[in-house]
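Geometric and topological summary
Okay, here's what each chain looks like letter by letter:
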Amino acid sequence: MLTHEFEVQIGTARFVDVTAEVRSFAQHAEGDGLLHVFLPHATAGVALFELGAGSERDVEEAIDRLLPRDDRWSHQHGSAGHGADHVLPVFVSPSLVLPVVAGEVRLGTWQSVVLVDPNRDNPRRRVLLSFVRDQA
């Protein structure tokens, strides 16, 4: 198994496109297999969706409706509404698995690998990539 770890500066962004880093790792790994993307964080997730066509705003509005940033949450350390950040990974998984064929991640035409992170308390995130080569 091959692994790679990198850090992402979030800043104020809720969505960070990590597709280029994922594709680069798959090309380096070469061959066919499965590429696992994992965020070792309790308040962030990774998703596949289209960027640049308004989807970011739609996803942001959905997250805000589903997980409002107010004082309703039992988990209350951190900034206002931080409890919602801890519920996010139930809906946006901290990991996903992608097929790789001949060193190429097989994404749909408009799919991007996107780090989803509404948490303003942590400006940096680690992303762990693992590649398991097909043994056939």
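For the structure, check the block above.
Every value quoted in this text rests on a predicted model; they were computed, and no experiment measured them. Here the residue numbers are simple positions, counted from 1 along each chain's written sequence. Selection of residues for local features in this predicted model requires a pLDDT of at least 70, selection of side-chain atom pairs for listing and counting requires 80 or more, and totals for whole chains, interfaces and linings are taken over all residues. Excluding hydrogens and water, the side-chain values take into account all heavy atoms of the structure.

Below, the discussion takes up the packing of aromatic side chains. Only Phe, Tyr and Trp rings take part, Trp by its six-membered ring, and two of them pair if their centres are within 6.5 Å. Stacked means planes under 30 degrees apart, edge-to-face means over 60, and tilted covers everything else. Going through the model one piece at a time under the given rule, you end up with one aromatic pair. Summarising the aromatic geometry, the rings of Phe15 and Phe49 are spaced 5.6 Å apart at their centres and angled 85 degrees between planes, so their arrangement reads as edge-to-face. Within this pair, whereas Phe15 is found in strand 2 (residues 15-17), its partner Phe49 is found in strand 4 (residues 45-49), the two being separated by 34 residues in sequence. Secondary structure elements follow DSSP: runs of H or I of four or more residues count as helices, runs of E of two or more count as strands, with numbering from the N terminus.

This paragraph deals with the pairing of strand 3 (residues 33-38). Sheet topology note: the strand 3/strand 5 (residues 95-101) ladder contains six bridges and is antiparallel. Across the sheet, residue Val37 finds its bridge partner in strand 5, namely Leu96. Note: two strands are recorded as paired if DSSP finds a minimum of 2 bridges between them. The pairing of strand 3 with strand 8 (residues 124-133) spans six bridges and is antiparallel. Paired with Gly33 across the bridge in strand 8 is Arg133.

Another point: helix 1 (residues 19-29). An α-helix turns once per 3.6 residues; consequently, residues spaced three or four apart project the same way. Within helix 1, the full set of buried residues consists of Thr19, Val22, Phe25, Ala26 and Ala29. Seen end-on, helix 1 carries its buried residues on one side only, within an arc spanning 130 degrees. Turned more than 90 degrees from where helix 1 packs its buried face, Ala20, Gln27 and His28 sit exposed. After helix 1 finishes, the residue Glu30 shows a positive phi value of roughly 60 degrees. Think of it in three bands: with a 1.4 Å probe and only protein chains considered, a residue is buried below 20% of the maximum accessible area for its type, exposed above 50%, and partly exposed in between. This arc is taken over the directions from the axis of the helix to the C-beta atoms.

Another aspect to go through is the environment of Gln111. Mapping Gln111 onto the fold places it in the loop between strand 6 (104-105) and strand 7 (112-116). Note on contacts: a residue pair is in contact if any heavy atoms of the two residues lie within 4.5 Å. Sequence-distant contacts of Gln111, defined by excluding residues within four places in its chain, comprise Leu48 and Phe49.

Right, let's get into unusual backbone geometry. The residue Glu30 is not glycine, and still its phi comes out positive at about 60 degrees. Within the secondary structure layout, Glu30 lies in the loop between helix 1 and strand 3. Judged by its relative accessible area of 54%, Glu30 falls in the exposed class. Of note, Ala102 is a non-glycine position whose phi angle comes to about 50 degrees, a positive value. With respect to the secondary-structure elements, Ala102 resides in the loop between strand 5 and strand 6.

Pairing within the open sheet is antiparallel, and its three strands lie in the order 2-7-4. The sheet is open, and its two edges are formed by strand 2 and strand 4, each paired on a single side. Each strand axis lies, on average, 35 degrees off the axis of its neighbour in the sheet, ignoring direction. Pairing of strand 2 with strand 7 involves three bridges; the strand directions are antiparallel. Bridge pairing links Asp17 to Val114 in strand 7. Only the stretch in contact is used when a helix axis is fitted, and all axes are lines through C-alpha atoms; the angle between N-to-C directions ranges over 0 to 180 degrees.

With that settled, the discussion passes to a nonpolar patch on the surface. A cluster of nonpolar side chains, namely Leu66, Val90 and Phe91, defines an oily patch on the protein surface of about 330 Å² accessible area. As for its position among the elements, Val90 is in helix 3 (residues 82-91). By definition, no residue in a patch forms a salt bridge, and every one has over 30% relative accessible area; like charges are joined within 9 Å, nonpolar side chains (Val, Leu, Ile, Met, Phe, Trp, Tyr) within 5 Å. Only the protein chains shown count as cover for residues, and all accessible areas are computed by the Shrake-Rupley method using a 1.4 Å probe. Salt bridges are identified by distance alone: a Lys or Arg side-chain nitrogen within 4 Å of an Asp or Glu carboxyl oxygen.

What follows concerns the pattern of salt bridges. Inspection of every chain in the model, using the stated rule, returns six salt bridges. Where Arg69 meets Asp85, a salt bridge forms, and the shortest distance between an N and an O atom there is 2.5 Å. With Arg69 in the loop between helix 2 (55-66) and helix 3 and Asp85 in helix 3, the pair connects residues that are 16 residues apart, well separated along the chain. The salt bridge partner of Asp117 is Arg125, with a shortest N-O separation of 2.7 Å. As far as the burial class goes, Asp117 and Arg125 line up, both buried. The network of salt bridges with shared partners includes Arg14, Glu60 and Asp64.

Interpretation in functional terms is not warranted from these geometric data alone.
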